[in-house]
Amino acid sequence: MNNRLRTLREHQGWSQAELAQRLDVSRQTVNALETGKYDPSLPLAFRIARLFGCRIEDVFLPDDP
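Computed from a predicted structure; not experimentally measured.

Draft legend 1. Just the side chain of Gln16, in detail. Assignment of secondary structure puts Gln16 in helix H2 (residues 16-23). Looking at Gln16, the relative accessible area reads 12%, which means it is buried. At 3.1 Å, the side chain of Gln16 and the side chain of Arg27 are in polar contact.

And the structure:
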């Protein structure tokens, strides 16, 4: 799954560690999300969207078929 997490994080001026702390996950999880190696659980996706004040669809984009 593609996502805009890195762009949104950098726009806020946050490091991966800062974002991880705000989401109560590890920095490694944030890195894996940003690089597409890990897809978030639905509750985590909602927390991410709420943190950035947007919809899940604005953060996470489905892979092209």
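Having put the structure on the table, let's press on.
Draft legend 2. Main features of the pattern of salt bridges. A full pass over the atoms with the stated rule returns 5 salt bridges. Via salt bridges that share partners, Arg6, Arg9, Glu10 and Glu34 belong to a single interconnected network.

Draft legend 3. Structural context of the nonpolar core. Grouped together as the largest cluster of nonpolar side chains are 16 residues, with contacts concentrated most on Leu5, Leu19, Ile48, Phe52 and Phe60. For this core, the elements supplying multiple residues, two or more each, are helix H1 (5-12), H2, helix H3 (27-34), helix H4 (42-52) and helix H5 (56-59). Here this core gets 5 residues from one element, more than from any other, and that element is H4. Apart from residues no more than four positions distant in its own chain, Phe52 is found in contact with Leu5, Leu8, Arg9, Gln12, Trp14 and Leu19.

Draft legend 4. Seen up close, the packing of aromatic side chains. For the structure on display, the rule yields 1 aromatic pair. With a centroid separation of 5.6 Å and an interplanar angle of 40 degrees, the aromatic rings of Trp14 and Phe52 are classed as tilted. On the criterion of sequence distance, the pair formed by Trp14 in the loop between H1 and H2 and Phe52 in helix H4 is long-range, its members being 38 residues apart. By relative accessible area, which is 14% here, Phe52 ends up buried.

Conventions adopted
- Position numbers for residues start from 1 in each chain and track the written sequence from start to end.
- Totals for whole chains, interfaces and linings use every residue, but because this is a predicted model, local features are given only for residues with pLDDT of at least 70 and side-chain atom pairs only at 80 or more, for both listing and counting.
- Excluded from the side-chain calculation are hydrogens and water; included are all heavy atoms of the structure.
- In DSSP terms, a helix is any run of H or I states spanning at least four residues, a strand is any run of E spanning at least two, and both are numbered starting from the N terminus.
- Summary of the burial criterion: residues with accessible area below 20% of their type's maximum are buried, those above 50% are exposed, and those between are partly exposed, where the area comes from a 1.4 Å probe applied to protein chains only.
- Pairs of N or O atoms are called polar contacts if they sit within 3.5 Å, as long as, within protein, a hydrogen donor faces a hydrogen acceptor (for residues adjacent in sequence, only side-chain-to-side-chain pairs).
- Put simply, a salt bridge is a Lys or Arg side-chain nitrogen that is within 4 Å of an Asp or Glu carboxyl oxygen.
- Within this scheme, the nonpolar core is defined by two criteria: the residues are buried Ala, Val, Leu, Ile, Met, Phe, Trp, Tyr or Cys, and they are joined through side-chain atoms within 4.5 Å.
- In this description, contact between two residues means that some pair of their heavy atoms is separated by no more than 4.5 Å.
- Geometry of aromatic contacts follows a simple scheme: Phe, Tyr and Trp rings, the Trp one being its six-membered ring, pair when their centres are within 6.5 Å, and the pair is stacked under 30 degrees between planes, edge-to-face over 60, tilted otherwise.

Honestly, it's all geometry; don't read function into it.
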